[in-house]
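# An overview of the molecular structure
Residue strings, one per chain:
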Amino acid sequence: MARQISKLYRELAELPVYTSAYFLGSSSSISNIRVTTSVRDHLRKVKRIVNKYIVSTETDVIVTPSHEDPEALATVPSPSGTRLGVLREISDGSSKKRFVEVWQGNRLEAAKEVTKTHEEFHINPKTPDVPDTAEDDSKKFRYLPDFGERLSGKKCPALYMFRWRPENYEEETDITLSEQAQDPSIVALKPALPEESTFVFGQASFSPDDKHIFATGYEETPDGRRLGPVGCWNHPSAIFKLDLPDVIPDAAESVELEAERLTPPTLACRSPRVTPAFRRGGYTTVWLANPIGGAHASATSLYALGSDESVPKVLVDSVSEASKDDSFPGLYTDQLPARPFLSLGVFGETSHVVAPSIWGSSAVILRISLQSGAVVNLTPSSKHAWNVLGTDGKNGILGVRSSLKSPPELAVAYVPESWRVIDKPELTDSTREKLNGIESTLLDIPDHFPTQVITVQVAGKGGLPTISIPHGGPHGTFIPEFNPSALAMALEGYLINLINYTGSLGFGQKYVDALIGRAGELDVNDCYGSIQHLIELGLSQEGPGKQFVQGGSHGGFLSAHLIGQHPDFFSASVMRNPVIAVGEIASVSDIPDWAFLEFGTAFGPTTTTTEIFDALQKASPIAHIDSTQAPVLLLVGDGDRRVPNSQARNYFHALKGRGREVEMLVFPGNGHSLDTVEAELVGWESARNWFERFVER
């Protein structure tokens, strides 16, 4: 049975995941779409990036065979969809060479090797997204802070502009270059800032008149740190307008840009997107913002600034609490799509922006008016979790949907028409049958509002042994999306209890703030209360071999708290990179502010007083180490910058020294998410085997 389930897990995990999709051209009757998916290859232990093209008509869908281009690290269409920009890295055995390419159809229009000016391409739309510049030997030993988790070694991102002249330049409307540019060239863009400024830049977008660049600037803290941006919406950042000179000489290797900060120092701003030019002239720039400090993720504001305006306006503000059941709870998103705009106005002008968001325990796609800020949910069905990949700039939207019974599917909608699925993975008959036998339920937990749980189990079963899983963050949210790990474990005969406790996103800022200063108490009580409610409903049972808990990061923090505060209730636990001692993590994490702000303490210089250290330790699972009884399996990444593995290692020795049953697996080359193909597979199989040792059926 275990071998069969492991095979099923592999099949579910190997289903393709849509990572991007772009319209390359669309009309009222036909759309040409480029799609990229990520596929786990358990044989080679790698994630493979696969591309294909889809032609969608009113009556038919044509899908080309999938193909790989492993040397292409990033591929982005031009605004018109007529060209593709490619960042390519080629290995010649002992070294790597890097190139920038522009393709028109199947013809290579322009290319330039940039190996000497670029040490490494780094592609990540959520963080500084251009490569580091080379440094001379005199500086290579000087300490510079990097960007932490997933970005180790990334210190000085810089903006570059690629220039070339296409053969039919006079006919082009979406090529940005100087009149003098002939051969392809790379120009370093250097914003003019005060000498003491610590801003570095990424996430750059051209204005439609090619006179400006709008970019995100990332700033150091006063004590010289760059707080890790991955998963954190509250770290110092700002939106800048950078002015391009009228002429850039052919031989120029760099150019200085006048820089204007558009956002205040109280807001963490990111994800600038610029509309096409309006009929009347001008354009609008939009971006996302959260308060600096406080919760690391929270209700997001959407700002807009017209090219003829000097003061940004708020299109969508933070929502404290939804005014009634199922009313808009606020915007919760890390990034806008690369192409987020719709043109639904009378004259076909850009009128709306689309954005993914969390709405309660679900994920939706929102349409937001650029004029009034009015919000419309385009995906009201709670049976699926949705994400938006982009638009055609007119009325077409590309989205991905999945559920706990169906893997990701690519869908298209032409406003105001409904969604239409145009691509989905093939399932074997046996896998489809097993998935059809799964049922999931969304439950409110009495006396713990807004706590909700999503249960996953084989249909028709009651009183199953239960694995409760609180999410990490703590400001994350479980949504009803396709989850190979949870599904395969449910098919093992467990009830999976996915817990959205107070502090989860999607319920209003009031409930995010409610957890600040109460982590280790309020969230623990919500989790335990949810388990008790499942027992009262007859979905779960209490007793030896009946209750288990699993979680990663802050979910691991809660798992350790639960087995420490309720030592006779849980039969075993699995923890992935858990937070165990908050006072200790404050000095070693890439986000030391988390340890202070989430626990209700002001963040400043990162040396902690004895009083603060003691308070943080008292709120931690380590405070309950002597009462902990349940066997523990620890899954740890040796390259974790967010929760360094000293947390799990010290916990391992503390339990071992007290005679408790504990094992630990350490995965080389893995960071906080433990997301390499091998780590995911071994982690799942090890967790399954660990629980099987202690379960009573």
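Residue numbers run consecutively from 1 along every chain, following the written order of its sequence. With the structure being a predicted model, the display of local features is reserved for residues of pLDDT at least 70 and the display and counting of side-chain atom pairs for 80 or more, all residues being used for whole-chain, interface and lining totals. Excluded from the side-chain calculations are hydrogens and water; all other atoms, namely the structure's heavy atoms, are used.

All right, on to the packing of helix H5 (residues 522-536) against helix H6 (residues 554-565) then. Here an axis means a line fitted to C-alpha atoms, over the contact stretch when the element is a helix, while the angle between two N-to-C directions is reported on a 0 to 180 degree scale. A helix here means a DSSP run of H or I that spans at least four residues, while a strand means a run of E at least two residues long, and both kinds are numbered starting from the N terminus. Two numbers describe how H5 lies on H6: the axes approach to 10 Å, and their chain directions differ by 70°. By the angle between their directions, the pair H5 and H6 is classed as roughly perpendicular. Each of Asp-523, Val-524, Cys-527 and Tyr-528 in H5 lies in contact with H6, whose residues at this interface are His-554, Phe-557, Leu-558, His-561, Leu-562 and Gln-565. Throughout this description, any angle smaller than 35 degrees is read as roughly parallel, any larger than 145 degrees as roughly antiparallel, any in the 65 to 115 degree range as roughly perpendicular, and the remainder as oblique. Note on contacts: a residue pair is in contact if any heavy atoms of the two residues lie within 4.5 Å.

Looking at the chain, pLDDT values average 91 and 94% of them are 70 or higher. Per residue, pLDDT measures the predictor's confidence, with a range of 0 to 100. In the predicted structure, residues 124-138 sits below a pLDDT of 50 and forms 55 contacts with residues beyond four places in sequence or in another chain. Low pLDDT, under 50, characterises residues 170-181; the predicted model gives this stretch 30 contacts beyond four residues in sequence or across chains.

Glancing now at the sheet that holds strand E9 (residues 107-113). At least two DSSP bridges between two strands are required for those strands to pair. Read across the sheet, four strands follow the order E6-E7-E8-E9 without closing on themselves; strand pairing throughout is antiparallel. Either end of the sheet is taken by a strand with one partner, and the two such strands are strand E6 (72-77) and E9. Taking the axes of each pair of neighbouring strands and ignoring which way they run, one obtains an average angle of 20° across the sheet.

Let's shift gears to unusual backbone geometry. Cis geometry is adopted by the peptide bond preceding Pro-416, which originates at Val-415 and carries an omega value of 10°. Position of Pro-416 among the secondary structure elements: in the loop between strand E26 (409-414) and strand E27 (420-423). A cis geometry characterises the amide bond from Phe-449 onward to Pro-450, with omega recorded as 5°. Of note in this structure, Gln-203 is not a glycine but carries a positive phi near 50°.

It is worth spelling out the pairing of strand E3 (residues 46-57) at this point. Examined bridge by bridge, strand E2 (residues 30-41) and E3 share 12 bridges and lie antiparallel to one another. Paired with Val-39 across the strands is Arg-48, a residue of E3. Counted along the chain from E2 to the antiparallel partner E3, the turn is four residues long, and its residue Lys-45 has a positive phi close to 60°. Where E3 lies against strand E5 (residues 67-68), two bridges are found, and the strand directions are antiparallel. Pairing of Val-50 across the sheet is with Glu-68, part of E5.

This part takes up the sheet that holds strand E13 (residues 212-218). Strand order in the open sheet formed by six strands is E10-E11-E15-E14-E13-E12, with mixed pairing between adjacent strands. Edge strands, defined here as strands with exactly one partner in the open sheet, are strand E10 (159-163) and strand E12 (200-206). Direction aside, neighbouring strands of the sheet carry axes that sit 35° apart on average. Bridge analysis of strand E11 (residues 185-192) against strand E15 (residues 254-261) gives five bridges, and the strand direction is parallel.

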